[in-house]
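Breakdown of the fold
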Amino acid sequence: MVVLTVFALSTIGCSEEEKYNTDYQWLALSQATEQWNGSACNKLITLQENQVTDTIIKLTVSLYQNQTASQDCTADVVVAKDSLSKAIALSEKGGIYDVYRNALLMSDEYFEISSTKVTLKAGETQSAPFEVTIHREKLLKDPVRTENENAIFVLPIQIVNSSSYKVNEVVNTLMLMFQLPQIDTTQPDVTDPKQEIDGMKLVWHDEFNGSGAPDPDKWVLEEGFQRNQELQWYRKEGNAEMDGKGNMVFIAKKERVQNPNYEKGSGDWKKNREYAEYTSASMNTNGKFDFKYGRLLCRAKIPTELGAWPAIWTCGTWWEWPLNGEIDILEYYLVNGKPSIHANFCWGSDTRWVGTWQSYNRPLEEFVAKDADWANKYHIWRMDWDENYLRLYLDDELLNEIDLRTTVNGSGGGAPEGGYQNPFSNDYEDFGAYIWLNLAVGANGGDPSETEFPMKYYVDYVRVYQLDK
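Just so it is clear, the model here is predicted, and its values are computed rather than measured. (Residues numbered from 1 in each chain as written. Predicted model: local features only at pLDDT ≥ 70, side-chain atom pairs only at ≥ 80, totals over all residues. Heavy atoms only, no water.)

**Structural notes on the overall build of the chain**
The condition is simple: For the purposes of this entry, the term helix denotes a DSSP run of H or I that reaches at least four residues, the term strand denotes a run of E that reaches at least two, and both are numbered from the N terminus. C-alpha atoms define the radius of gyration, and 2.2 Å times the number of residues to the power 0.38 defines the globule rule. Partly exposed describes any residue whose relative accessible area lies between the buried limit of under 20% and the exposed limit of over 50%, with all areas from a 1.4 Å probe on protein chains only and scaled to the type maximum. Contact between two residues is taken to exist if any of their heavy atoms lie within 4.5 Å; hydrogens are not considered. Residue-level accessible areas treat just the shown protein chains as cover; the underlying method is Shrake-Rupley with a 1.4 Å probe. Positive charge is attributed to Lys and Arg, negative charge to Asp and Glu, and no charge count is given to His or to the chain ends. For this purpose, a charge sits on NZ of Lys, CZ of Arg, CG of Asp or CD of Glu.
Secondary structure assignment for the chain yields four helices and 33 strands. Radius of gyration (C-alpha) of the chain: 31 Å, far over the 23 Å computed for a compact globule of 469 residues. Each principal axis of the C-alpha atoms in the chain carries an extent, and together these give about 105 × 45 × 40 Å. Burial status across the chain gives 50% buried among its 469 residues. Put simply, 74% of the contacts in the chain that link residues at least 6 apart link residues at least 24 apart. Summed over all atoms, the accessible surface of the chain reaches about 22400 Å², with 45% contributed by carbon and sulfur. If the 44 positive side-chain charges of the chain are averaged to one point and the 70 negative ones to another, these points end up 1 Å apart.

Next up, the structure:
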């Protein structure tokens, strides 16, 4: 437990003969007097990630210039919400109020005050202390940090309603100000998920806070050669593990594994390779979780080496691809030889297994030009989905959006079902989309032969929010 005790200042600049001025027997917070700088009584405390024990701040009351009380005096201790609101309103003008520009009132759940009354007894120069306890761990872990990283949380402590002495309204309020450490964008987010965002409630999430294999109640791991003539062999063990620090880590390795489906001379790319020279992992929520409409958030740090093809995507639960609809929230691979970030929508055409695409890509170099450390940081990929539109964002920047009136499948070219249906906007009660996370190697990702392995793809969390039905 961290205890901060602040004692009342002795009088400065007065001779012993002039020590007390009995014309000003006014009651004040001792610590507000101490912090008074001619314009404000603020005490700033900067929190650190590793300091999670409660902080106790002891406060007292006293008379002007620490005069001895001639009678008992009791005052109420309150949280001065109105005083803070006025200071925040004046912050636009700058000057002494500029410090309140990013101020937020500290919520009740983060603090406790030991007493609502304080007494200065006759014959004493200072009251017995009352305590303000700040629950650091709760404040540090709260998801409010992800929305208010630069905020200063303020607890305005005030004494009012003195039973005998006049209250000195200049120094009867102490603004306890708490600066949170900014979330390190190169590390997993340590805050708990926010339960509600923009009127939507958290309905499913995985924070990957454990260690070892992914939760089998949430994820299905793929195996073997799967798509796009990629080079990796997906394995169920050893390539996707929680690291105990809040990440699901997909690990692509350069290692030879035998293809049990090998057939010499086969025209099928999944069978005509005797070996895979790389391994990696892919997992999805098919049969475990799916959703229709809402918001998906995924915070991740992607590999950008040549050959890497990390992805966050969804597919519909009905009909064959692409009639079921594919949404590429993130893909990272080469376009005209340039590593690029992609955000795509795909639905069915008149030709079987051929999609209609609305694609978006931007070269990685454009992100790096704005932030040289971009590849070393986590970023938040987001999908907003309702019955009218799909929108894809990266760090709150809109990358791609589509009017769902335009996403009706073609005939499907002989597919048994899904022709002329809309995979992104329909009234089918059981239709939804499930989530994929994977790290592919090669193909669109480029030639990995000169790349240093292992390559790692870090996923901090996946969260899905929906409106109440």
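**Focus on the pattern of salt bridges**
The following threshold applies: In what follows, salt bridge is the name for a side-chain nitrogen of Lys or Arg lying within 4 Å of a carboxyl oxygen of Asp or Glu.
Tallied over the entire structure, the rule returns 20 salt bridges. Residues Asp-76 and Lys-117 are paired through a salt bridge, measuring 2.4 Å at the closest nitrogen-oxygen approach. Taken as a pair, Asp-76 in strand 6 (residues 73-79) and Lys-117 in strand 9 (residues 117-120) lie far apart in primary sequence, 41 residues in all. Residue class for Asp-76 comes out buried when judged on its relative accessible area of 18%. Ionic contacts of the salt-bridge type, sharing partners, join the residues Asp-198, Arg-295, Arg-382, Asp-384 and Asp-396 into one network.

**Re unusual backbone geometry**
Here Trp-321 and Pro-322 are connected by a cis peptide whose omega angle stands at 0°. Inspection of the secondary structure assignment puts Pro-322 in the loop between strand 24 (308-316) and strand 25 (326-335). Here the bond from Phe-453 into Pro-454 is cis, since omega is 5°, no more than 30 degrees from zero. By the secondary structure assignment, Pro-454 is in the loop between strand 32 (433-441) and strand 33 (455-466). The residue Asp-395 is not glycine, and still its phi comes out positive at about 50°. Mapped onto the elements of the fold, Asp-395 is located in the loop between strand 30 (389-394) and strand 31 (397-403).

**Considerations on the packing of aromatic side chains**
In this description, a pair of aromatic rings is defined by centroid distance and the angle of the planes. Our working definition: Any two of the Phe, Tyr and Trp rings considered here, Trp counted by its six-membered ring, make a pair once their centres fall within 6.5 Å; the pair's planes then place it as stacked at under 30 degrees, edge-to-face at over 60, or tilted in between. Ring-over charges, as used throughout, are those where CZ of Arg or NZ of Lys falls within 6 Å of the ring centre and within 35 degrees of the ring normal.
This model, assessed by the stated rule, comprises 19 aromatic pairs. Taking 5.2 Å as the distance between ring centres and 40° as the angle between the ring planes, the aromatic pair formed by Tyr-278 and Phe-453 counts as tilted. Placement of Tyr-278 in strand 21 (residues 275-280) and of Phe-453 in the loop between strand 32 and strand 33 is noted, with a sequence separation of 175 residues between them. You'll find Tyr-278 and Phe-453 in the same group, each marked buried. Across from the ring centre of Tyr-389, 4.5 Å away, lies the NZ or CZ of Arg-391, which sits over that ring.

**Concerning the pairing of strand 10 (residues 130-134)**
Just so we agree on the cut-off: For two strands to count as paired, DSSP must find a minimum of two bridges between them.
A large share of strand 10 lies buried, amounting to four of its five residues. Two elements, strand 4 (residues 55-59) and strand 10, share five bridges in a ladder whose sense is antiparallel. Of the residues in strand 10, the one forming a bridge with Lys-58 is Glu-131. Note: strand 8 (residues 111-113) against strand 10, three bridges, orientation antiparallel. In the strand pairing of strand 10, Phe-111 is matched with Ile-134.

**Considering the nonpolar core**
Selection criterion: In these notes, a set of buried Ala, Val, Leu, Ile, Met, Phe, Trp, Tyr and Cys residues joined through side-chain atoms within 4.5 Å is what counts as a nonpolar core.
In terms of nonpolar packing, the biggest core is built from 54 residues, with Phe-250, Leu-437, Tyr-457 and Val-459 touching the most fellow members. For Val-459, the contacting residues outside a window of four places in its chain are Phe-208, Gly-246, Asn-247, Met-248, Phe-250, Cys-298, Arg-299, Ala-300 and Leu-437. Core analysis: the second largest hydrophobic core is formed by 36 residues, Val-61, Met-106, Tyr-110 and Ile-159 among them.

**With respect to the side chain of Asn-324**
Heads up, the condition is: N or O atoms within 3.5 Å of each other form a polar contact, as long as, within protein, one can give a hydrogen and the other can take it, and as long as residues adjacent in sequence are counted only when both atoms are side-chain atoms.
Tracing the chain through its elements places Asn-324 in the loop between strand 24 and strand 25. In terms of polar contacts, Asn-324 uses its side chain to reach the backbone carbonyl oxygen of Gly-316, at 3.2 Å. Ignoring anything within four residues of it in the chain, the contact list for Asn-324 reads Cys-315, Gly-316, Trp-318, Trp-319, Pro-423 and Phe-431.

**Here we look at the sheet that holds strand 5 (residues 61-63)**
Taken together, three strands build an open sheet; the order of strands is 5-2-12 and the sheet is mixed. The open sheet terminates on both sides in strands that have one partner only, identified here as strand 5 and strand 12 (166-167).

**Considering the state of the cysteines**
For clarity, the threshold we go by: The disulfide definition used here is simple: a pair of cysteine sulfur atoms within 2.5 Å.
Taken as a whole and assessed by the stated rule, the structure comprises zero disulfides. Of the cysteine sulfurs around Cys-346, a residue in no disulfide, the closest is that of Cys-315, at 8.6 Å.

**Focus on the environment of Asn-376**
Tracing the sequence through the fold places Asn-376 in the loop between helix 4 (364-370) and strand 29 (379-385). For the pair Asn-376 and Asn-161, spaced 215 residues apart in sequence, the C-alpha separation works out to 55 Å. Once residues within four sequence positions are removed from consideration, Asn-376 is found in contact with Thr-185, Thr-186 and Lys-301.

**Describing the side chain of Asp-206**
The residue Asp-206 is located in strand 15 (residues 200-206) in this model. Here Asp-206 is buried and forms no salt bridge, its nearest opposite-charge partner Lys-218 lying at an N-O distance of 4.3 Å. Within the structure, Asp-206 has its side chain in polar contact with the backbone nitrogen of Phe-208 (distance 3.0 Å).

**Considering the environment of Ala-308**
One can find Ala-308 in strand 24. A residue is classified by how much of its surface remains accessible, and Ala-308, at 1% relative accessible area, is buried. Counting along the chain gives 56 residues from Ala-308 to Ala-252, while the straight-line C-alpha distance between them is 8.6 Å. If we skip the residues at most four places from it in the chain, Ala-308 touches Pro-303, Tyr-332, Ala-440, Gly-445 and Met-455.

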